[in-house]
Amino acid sequence: MQTFHTDLLCIGAGLAGERVAIEAAAAGFDVICLSLVPARRSHSSAAQGGMQAALGNCAMGEGDCPDVHFEDTVKGSDWGCDQEVARLFVDSAPVAMRQLAAWGVPWNRVVPGKSTYFKGGKLFEKEEKKDKEGLITARAFGGTAKWRTCYTSDGTGHTVLYTMDNRAVQLGVDVHDKTEVLSLIHDGENCLGAVARCLKTGALRAYLARATLIATGGFGRIYRESTNAVINDGGGLIIALDTGLVPLGNMEAVQFHPTGIVPTDILVTEGCRGDGGTLLDKDMHRFMPDYEPEKAELASRDVVSRWMTHHMRQGKGVPSPYGDHLWLDIRHLGAQHLATKLREVDEICKNFLGIDPLESPIPVRPTQHYSMGGVRTNKDGAAYGLKGLFSAGEAACWDMHGFNRLGGNSLAETVVAGMIVGAKMVEFLQGHQVSYPTNVVADAAKLQQERIQRLIARSDGSENVYMVRNAMFDALMQGAGIFRNGSDLQMCLDTLQEVHQRARQIGLRSNGLGANPELAMALRLPGMVRLALCVAYGALQRTESRGSHAREDYPERNDRDWLVRTLATWQPDSELPTLNYEPASQVWHIPPGERGYGGGKIISADSKKQ
Amino acid sequence: MARNLTFSIFRYNPQDPASTPHTDTFVLDETNHMTLFIALNRLREEQDPGLQFDFCCRAGICGACAMVVNGRPGLACHTKTKDLPDKITLMPLPFFTLVGDLSVDTGTWFRNMAKRVESWIHTEKEFNAEALEERMSNDVAEQIYELERCIECGCCVAACGSAILRPDFLGAAGLNRIARFLLDPRDQRTRREYFDVVGNDQGIFGCMGLLACEDVCPKHLPLQDQLGMLRWKMGWAGLMNLLPWKRK
């Protein structure tokens, strides 16, 4: 078996992974990134709208500062975030944007003079200042007090990822693409690297590293309908959970984005609404101001998605062969705006829906989009439970998002966390040595080799991997969607446990040779079902509504009993995760209060004392 | 009227000693809004679980799924079956190393390209975390973005006669990358330094001018203009190099 030695192993070569890699490479360490796809195809590239950072350059961002950004982020999280981490993030975000500018990102810039913009359906005028000319500009996003989202048209993730990978090439970061990681190698105390399978040849490889980073993004593909790329199957979370030592945080906190297109579930950016697009129902009525007079379409995503679902349940959805949907209307923004600021949206509408967004509204509905949960880390990005294991980006529960993240805060998190965690990993590498016991490495590899042989030989059964996956999809649809309740969640959990049994009895129908896709899915699926079980079990136990976690049977946000983060670990051979809880935050710069949108009731933390 | 689609798909698994290059035929009922993403996944799930192909974002953004569809390179994810006849032939992209069936290795080629054209900002300036960002006109930013929209799908290289004749040709994607940095005021490379990279048969002089690159580019990048602009600018730089007092 081919074995690679390196100082730092980054699992994932999207923005968070490469940003950490760059920090370590610049400090003189050897770095290898592993990626399912060429680095530039990582799902970071699909982020359209932008990155939040309180630069305050544009007219509508005047007076912005990290304090205001912090307040928006904490409210957005529904007080579920770690406030120390959120503070670290908002303070560092402006520097990160400027660094990206120096590295080559073609940020849109302030153009001085008067111009018009839309808010909701109405036209307003603003004037950009002469002394800000040529500085990084920003657009509006949901749940923000200021225009704060830095962007390059609607291809922000793409340009930032291309710039990041350019920088990685410049610094000699090695990327092994078409490689999937099957397990971590560890001795119960230290993480020592990973066992991986080459997706060009099918060969197993061992990577031995003094420090390992999990930056594999989200796990949206446990849902049938997700805006996520097909690679977002939670691979990094699975290998962490499978250690039995490393907990995943807040897995029940799953974000549904208001504007996935129908059909195909492809995302159109929140920038559409930020730039003045509106949501209409079957009567072409703009309904969001009825529910949210102040924020309307620009309340936080959890709130907008819930009102959309509620409105469709009232019979106001537009019927279609693919189920009910609503309309996103950007016709009034005009051809020039679409051609410069919303180009990808324009292409997606034309290529996938066959409509021109200048002529016709876009069919949309809330669709699974983001995983607030992930590998639980401390503020340095160090995972709980294993020394030498770190995590950053969507894969991590660092936890600046709590129970709902704001649009533009996750793309920014990738580079800001990458910068901060990268520096901490450099410190760690400077002082940390490990030894690699040959039996530990050999046993980890042998375990994976045997799994593969058993799947090919159908030693454990002949379950069809795709049927089992579909059963997982059905179960999650049943209980773990936008609105949740105890009885549906219990059914979902029971079904998922059956699915988990079936997932252990998969047998291949093809020969499994080379880069066999059925084998890849069969190796991944049992872990995906365990992630689904963490989501469902965490959601069932959490008897309150907070951010994206909306329980119809427990509609109040319960700060008295649930101002905590769920920590899920998986003990070997158990049927369910073990759930523990820790305080949501150690510091409370802003004590729990009203978000100003969403309109939910709150059970106060103080009521405990009375 | 629902159609039955007949797919002829190139098959070869280099890792399977029993496999030889051949074509397999599959029949699939067409559904509304069907794309090749939907069709190929159904074929894998319902008929042949070993069928290899690549998708990633499935939204026309990442470039993973380029293949030759009825003789023409394009992105499978945004190819609608209703725009195709009921006989559909799918082949892997030529030029790139085959992984298996419709899957090819584009990552290695594009990373080498990035190294060859030194695809990064060349500057002596150190980043200063305390300072404001350097100013740039929004027009210039938008011009750079226009060329930055390349998704490295490989269609332009796969469709390129020059690339097939000389595998070291930078291709339209490589020349476009150079053009992107030439536009960027942050990159302090001189004309001469750019000329050293592209002023040869691997670069601008290798192009035979067939210009299929622009025809097949799924992002509709102005690739012909970049080639023309580079030849013009580099032509001048080359001429200047001949004049000893103008050299720099």
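Attention here is on the structure that accompanies the text. Quantities reported herein were computed from a predicted structural model and do not represent experimental measurements.

### A short note on the overall build of chain A
Reasoning step 1: Along its length, chain A carries 15 helices and 24 strands.
Reasoning step 2: Principal axes of the C-alpha set define a box for chain A whose edges measure 70 × 60 × 55 Å.
Reasoning step 3: For chain A, the proportion of contacts with a sequence separation of at least 24, taken over those separated by at least 6, is 73%.
Reasoning step 4: Accessible surface for chain A amounts to roughly 19,200 Å². Of this, 49% is attributable to carbon and sulfur atoms.
Reasoning step 5: Each charge class in chain A can be summarised by its mean position, and for the 64 positive and 71 negative side chains these summaries are 2 Å apart.

### Let's talk about the overall build of chain B
Reasoning step 1: Check the secondary structure of chain B and you find 9 helices and 7 strands.
Reasoning step 2: Here the C-alpha coordinates of chain B stretch approximately 70 × 40 × 35 Å along the principal axes.
Reasoning step 3: Taking all 248 residues of chain B together, 56% fall into the buried category.
Reasoning step 4: By element, 53% of the accessible surface of chain B is carried by carbon and sulfur atoms, the whole surface being about 11,000 Å².
Reasoning step 5: For chain B, the separation between the mean place of its 28 positive charges and that of its 32 negative charges on side chains is 5 Å.

### Points about the pattern of salt bridges
Residues and elements named next belong to chain A.
Reasoning step 1: For the coordinates displayed, the defined rule picks out 74 salt bridges over all chains.
Reasoning step 2: The shortest N-O distance in the salt bridge between Lys350 and Asp346 comes to 3.0 Å. In this pair, Lys350 and Asp346 are both assigned in helix α10 (residues 343–353), 4 residues apart and thus about one turn of the helix distant.
Reasoning step 3: With relative accessibility at 39%, the residue Lys350 sits in the partly exposed group.
Reasoning step 4: Taken together, the salt bridges that share partners define one network made up of Asp78, Glu252, Asp302, Arg306, Arg542, Glu544, Arg546, Arg557, Asp559 and Arg595.

### Some remarks on the sheet that holds strand β12 (residues 254–261) of chain A
All names here are of chain A.
Reasoning step 1: Here 4 strands make up an open sheet; going across it, the order is β12-β15-β14-β13 and the pairing antiparallel. The open sheet has two edge strands, β12 and β13 (278–280), and neither has a second partner. On average, adjacent strands in this sheet sit at an angle of 45 degrees to one another, irrespective of strand direction.
Reasoning step 2: Sheet topology note: the β12/strand β15 (residues 362–371) ladder contains 6 bridges and is antiparallel. If you follow Gln255 over to β15, its bridge partner there is Tyr370.

### Things to note about the interface of chain A and chain B
Accessible area lost when the parts come together is the quantity often used to give the size of an interface.
Reasoning step 1: Listed per partner, the contact involves 79 residues of chain A and 66 residues of chain B.
Reasoning step 2: Between chain A and chain B, roughly 5,900 Å² of surface is buried when both sides are summed, and carbon and sulfur atoms account for 52% of that area.
Reasoning step 3: Looking only at chain A, the three residues that lose the most surface to chain B are Arg41(A), Arg98(A) and Phe352(A), adding up to 12% of its buried area.
Reasoning step 4: One can count 11 salt bridges joining chain A with chain B.
Reasoning step 5: A salt bridge links Glu45(B) to Arg469(A); the nearest nitrogen and oxygen atoms lie 3.0 Å apart.
Reasoning step 6: Put simply, chain A and chain B have 43 residue pairs in polar contact (both at pLDDT 80 or more) between them.
Reasoning step 7: Here the side of chain A that touches chain B gets 9 residues from one element, more than from any other, and that element is helix α4 (residues 156–170) of chain A.
Reasoning step 8: Of the residues that constitute the side of chain A that touches chain B, the class distribution is 31 nonpolar, 26 polar and 22 charged.

### Overview of helix α14 (residues 486–503) of chain A
Residues and elements named next belong to chain A.
Reasoning step 1: The end-to-end C-alpha distance of α14, which contains 18 residues, comes to 25 Å, matching closely the 26 Å that a straight helix rising 1.5 Å per residue would cover.
Reasoning step 2: Among all positions in α14, only Gly486, Leu489, Cys492, Leu493, Leu496, Val499, His500 and Ala503 are buried. Looking straight down α14, one finds its buried side chains confined to an arc of 140 degrees; they lie on one side. Those residues of α14 that are exposed and aimed more than 90 degrees away from the buried face are Ser487 and Glu498.

### Describing unusual backbone geometry
Reasoning step 1: The omega angle of the peptide bond from Val262(A) to Pro263(A) is -5 degrees, so this bond is cis rather than trans.
Reasoning step 2: For Asn70(B), which is not a glycine, the phi torsion comes out positive at approximately 45 degrees.
Reasoning step 3: In this structure, Asn70(B) sits in the loop between β3 (66–69) and β4 (72–75).
Reasoning step 4: In this structure, Phe95(B) is a non-glycine residue whose phi angle is positive, near 80 degrees.
Reasoning step 5: For Phe95(B), a relative accessible area of 25% puts it in the partly exposed group.

### Considering the nonpolar core
Reasoning step 1: Ile261(A), Ile330(A), Ile362(A), Phe7(B), Ile9(B), Leu40(B) and Leu90(B) are the most contacted members of the largest nonpolar core, which has 106 residues in total.
Reasoning step 2: The element that contributes the greatest number of residues to this core is helix α6 (residues 171–183) of chain B, accounting for 7 residues.
Reasoning step 3: With near-sequence residues (within four places) excluded, Leu40(B) lies in contact with Ile9(B), Leu51(B), Phe53(B), Phe55(B), Met67(B), Leu90(B) and Leu102(B).
Reasoning step 4: Of all hydrophobic cores here, the second largest spans 80 residues; its members include Leu208(A), Ile452(A), Phe473(A) and Met528(A).

### A few points about the layout of surface pockets
All names here are of chain A.
Reasoning step 1: Here the second largest pocket defines a volume of roughly 1,000 Å³.
Reasoning step 2: Around the second largest pocket sit 36 residues that line it, and Asp242, Leu447, Gln448, Arg451 and Arg530 are the ones nearest its centre.
Reasoning step 3: Listing elements by their share of the lining of the second largest pocket, those giving two or more residues are β8 (179–186), α5 (235–241), α12 (438–457), α14 and α15 (517–541).
Reasoning step 4: Looking at the lining of the second largest pocket, the element that brings in the most residues is α12, giving 9 residues.

Calculation notes
- Residues numbered from 1 in each chain as written.
- Chains lettered and ligands numbered in written order.
- Predicted model: local features only at pLDDT ≥ 70, side-chain atom pairs only at ≥ 80, totals over all residues.
- Heavy atoms only, no water.
- Helix = DSSP H or I, 4+ residues; strand = E, 2+ residues; numbered from the N terminus.
- Contact = heavy atoms within 4.5 Å.
- Areas by Shrake-Rupley, 256 points an atom, 1.4 Å probe, with all protein chains shown as cover.
- Lys, Arg positive; Asp, Glu negative; His and termini not counted.
- Charge placed at Lys NZ, Arg CZ, Asp CG, Glu CD.
- Buried < 20%, exposed > 50% of the residue type's maximum accessible area, 1.4 Å probe, protein only.
- Salt bridge = Lys/Arg side-chain N within 4 Å of Asp/Glu carboxyl O.
- Pairing = 2+ DSSP bridges.
- Axes fitted to C-alpha atoms, helices over the stretch in contact; angles between N-to-C directions.
- Buried area = accessible area lost by both parts, 1.4 Å probe.
- Polar contact = N/O pair within 3.5 Å; in protein donor to acceptor, adjacent residues only side chain to side chain.
- Nonpolar A, V, L, I, M, F, W, Y, C, P; charged D, E, K, R; others polar.
- Expected span 1.5 Å × (residues − 1).
- Arc of directions from axis to C-beta.
- Core = buried A, V, L, I, M, F, W, Y, C linked by side-chain atoms within 4.5 Å.
- 1 Å grid on protein atoms, 1.4 Å probe; cavity = no way out; pocket = protein on both sides within 12 Å on 5 of 7 lines; lining within 4 Å.
- Points joined across faces, edges and corners; volume = space filled by probe spheres on them.

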